[in-house]
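# A structural walkthrough
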Amino acid sequence: MLKLQKVSFAYQKEPVLKNISFEIEKGQNVSVIGESGCGKSTLLKLIYGLLHTDGKVSWNGEEMLGPNFNLVPGEPFIKYLAQDFDLMLPLTAAENVGKHLSNFYPVKKKRRIRELLEVVEMEDLADKKAKLLSGGQQQRIALARALAKEPELILLDEPFSHIDHFRKNNLRRRLFSYLKEQNITCIVATHDSTDALSFADRTFVLKNGNIYADGTPEQLYKSPPNKYVASLFGDVNHIMLKNLRENENSRKRVVLYPHDISVVKDSAIRAEVRNTYFKGENFLIQAKLNGEEILVEHKKNIQPGNTIALKVQEKLIEERLK
Ligand SMILES: Nc1ncnc2c1ncn2[C@@H]1O[C@H](COP(=O)(O)OP(=O)(O)OP(=O)(O)O)[C@@H](O)[C@H]1O
């Protein structure tokens, strides 16, 4: 189990992380999300032992003392995959993956390298020099290398940032099921809502140096505590209640995703279409509702200038206001 107690950190005067405490069970997949610069990478570096904190970071009850006490920063049972992949460019993909594996059992080593190259779908490029690989291919090799010595805890900083959309989904499924099978604890810092929604057991939202929200992805998505949290999962509206309800006088607003709002034949809520964007299965409609800019999802394209009637389930509004 990973345990952080009152962990704070500042590069300069202003603290980046403030008094953070949490526990993560073995084998859990935790995603850390939050706006750019909120401290996701700093948190991973701190757990790995690259940065010093006055707080306490421990693994299975043993305190990890950090860079002020370790000559070589980092713990051997943790792997940290930074945003720069730090590959040995003159070596081949396979050589990079096996770099930290012992040469004592060459057949075993070869088998392990092949297994890891399969996880990241790079078998075909095993013998290609790293310097000749694309950014996404290098990132996949760096991932395989991080897994080579079967870490107990893996820290991944934007692990799919250079990988194209088609491959990303498949790779995510393979990687995260591999980590589950091996019972490897994983923390992923990410901007990508799919990493957080589809694969994490638990999600931390970082804001202003604190864990601002902590829950299962489903809890955070379905009942976002506010607009900030909802916006990390995609487009979101923050609509004045008086624009949705008759006889509403408060200045309260409600968080609604575009798909929470339906276009109907007739209703008292009317908006004027300003723009439409094709999204594949649906269209995203940008419209003006009593002066407020809103986003609505709809099956059909509606031309700008048209008026649309809208409906939001009252039950959903009540839930979001809780
Ligand atoms: N070496 C450094 N020296 C000084 N300030 C730093 C350093 N590294 C990061 N920072 C600052 O610390 C804050 C947190 O940075 P960090 O990289 O942890 O954020 P992040 O959430 O990972 O961002 P991103 O999502 O853009 O990668 C930022 O304001 C950043 O400018």
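Throughout this description, residue numbers start from 1 for each chain and increase along the sequence as written. Given that this is a predicted model, residues contribute local features only at a pLDDT of at least 70 and side-chain atom pairs are listed and counted only at 80 or more, while totals for whole chains, interfaces and linings are drawn from all residues.

### What to know about the nonpolar core
Inside soluble globular proteins, nonpolar side chains tend to come together where they are buried. Think of a nonpolar core as buried Ala, Val, Leu, Ile, Met, Phe, Trp, Tyr and Cys residues chained together by C-beta atoms that fall within 7 Å. With C-beta atoms placed from the backbone, a residue is buried if 20 or more other C-beta atoms are within 10 Å of its own, exposed if 12 or fewer are, and partly exposed between those counts. Membership of the largest hydrophobic core comes to 82 residues, with the highest contact counts inside it found for Val 32, Ile 141, Ala 144 and Leu 155. The numbering of helices and of strands both runs from the N terminus, where a helix is a DSSP run of H or I of at least 4 residues and a strand a run of E of at least 2. Among the elements that make up this core, the one with the highest residue count is helix α4 (residues 135–147) (six residues). Domain extents, as shown, originate in an automatic or database domain assignment. Lining this core are residues from two domains, each supplying at least three of them: domain 1 (2–230) and domain 2 (236–321). When sequence neighbours within four positions are dropped, the list of residues in contact with Leu 155 reads Leu 44, Ile 47, Tyr 48, Ile 78, Tyr 80, Leu 81 and Ile 187. Here the contact rule is simple: place C-beta atoms from the backbone, and any two residues whose C-beta atoms are within 7 Å are in contact.

### Overview of the sheet that holds strand β15 (residues 283–289)
Here we have five strands laid out as an open sheet, ordered β13-β17-β14-β15-β16, and antiparallel in their pairing. Of all strands in the sheet, those bounded by a partner on one side alone are β13 (262–264) and β16 (292–298). Within the sheet, the average angular offset between the axes of one strand and its neighbour, ignoring direction, is 50 degrees. Strands qualify as paired when DSSP identifies two bridges or more between them. Pairing of β13 with strand β17 (residues 307–311) involves three bridges; the strand directions are antiparallel. Within β17, the position partnered with Val 264 by the bridge is Ala 309. Axes here mean lines fitted to C-alpha atoms, for a helix over just the part in contact, with angles spanning 0 to 180 degrees between N-to-C directions.

### Focus: the site of the ligand
Any residue whose C-beta atom, as set from the backbone, lies within 6 Å of a molecule or strand is reported as near that molecule or strand. Surrounding the ligand, one finds Tyr 11, Gln 12, Val 16, Gly 34, Ser 36, Gly 37, Cys 38, Gly 39, Lys 40, Ser 41, Thr 42 and Ala 189. The element best represented in the shell around the ligand is helix α1 (residues 40–48), accounting for three residues. Note that Gly is not counted as nonpolar here; it falls among the polar residues with everything else outside the nonpolar set of Ala, Val, Leu, Ile, Met, Phe, Trp, Tyr, Cys and Pro and the charged set of Asp, Glu, Lys and Arg. Split by residue class, the shell around the ligand holds four nonpolar, seven polar and one charged.

### Structural notes on unusual backbone geometry
The backbone of Lys 6 sits at a positive phi, close to 50 degrees, despite the residue not being glycine. Mapped onto the fold, Lys 6 is located in strand β1 (residues 2–9).

### Re α4
Counted at 1.5 Å a residue, the expected span for α4 with its 13 residues is 18 Å, and the 19 Å between its end C-alpha atoms agrees. The buried fraction of α4 amounts to eleven of the 13 residues, a majority that puts the element mostly inside the structure. Looking at the buried positions of α4, the neighbouring elements they touch are β6 (78–81), α2 (93–97), α3 (106–119), β7 (153–157) and α5 (165–181). Working rule for helices: expected span equals 1.5 Å times residues minus one.

### Quick notes on the environment of Ser 223
By secondary structure assignment, the location of Ser 223 is in the loop between α7 (217–222) and α8 (227–231). By C-beta crowding, Ser 223 is classed as partly exposed, having 14 other C-beta atoms within 10 Å. Spatially, the C-alpha atoms of Ser 223 and Leu 316 are 9.7 Å apart, while their sequence positions differ by 93 residues.

### Digging into the sheet that holds strand β10 (residues 210–215)
Across a sheet, paired strands are connected by hydrogen bonds in the backbone, their directions being either parallel or antiparallel. Here six strands make up an open sheet; going across it, the order is β6-β7-β8-β3-β9-β10 and the pairing mixed. What marks the edges here is a single partner per strand, and that holds for β6 and β10. For this sheet the average axis-to-axis angle between neighbouring strands, irrespective of direction, equals 15 degrees. With five bridges joining them, strand β9 (residues 202–207) and β10 adopt antiparallel strand pairing. Note that in β10 the partner of Leu 206 across the bridge is Ile 211. In the packing of α1 onto the sheet, contacts are made with β3 (29–33), β6, β7, β8 (185–189) and β9, and the angle to β7 comes to roughly 155 degrees.

### Here's the deal with the pairing of β17
Side chains Ile 308 and Leu 310 of β17 all project onto a buried face; the interleaved residues Thr 307, Ala 309 and Lys 311 project onto a face where none is buried. Across four bridges, the pairing between strand β14 (residues 269–278) and β17 is antiparallel. Bridge pairing links Arg 270 to Ala 309 in β17.

### Let's talk about the domain arrangement of the protein chain
Partitioning the protein chain into structural domains gives domain 1 (2–230) and domain 2 (236–321). Placing a centre on the C-alpha atoms of domain 1 and another on those of domain 2 gives a separation of 38 Å. Within the side of domain 1 that touches domain 2, the residues separate by chemical class into two nonpolar, two polar and one charged.

### Quick look at α3
Given 3.6 residues per turn, any residue in an α-helix points the same way as the ones three and four places further on. In this model, α3 (14 residues) spans 20 Å end to end at C-alpha, consistent with the 20 Å of a helix rising 1.5 Å per residue. Those residues of α3 that fall on the buried side of the exposure criterion are Ile 113, Leu 116 and Leu 117. All buried residues of α3 fall inside an arc of 100 degrees around its axis, so they share one side. Turned more than 90 degrees off the buried face of α3, the exposed positions are Val 107, Lys 108 and Arg 111. The reported arc concerns the directions from the helix axis to the C-beta atoms and nothing else.

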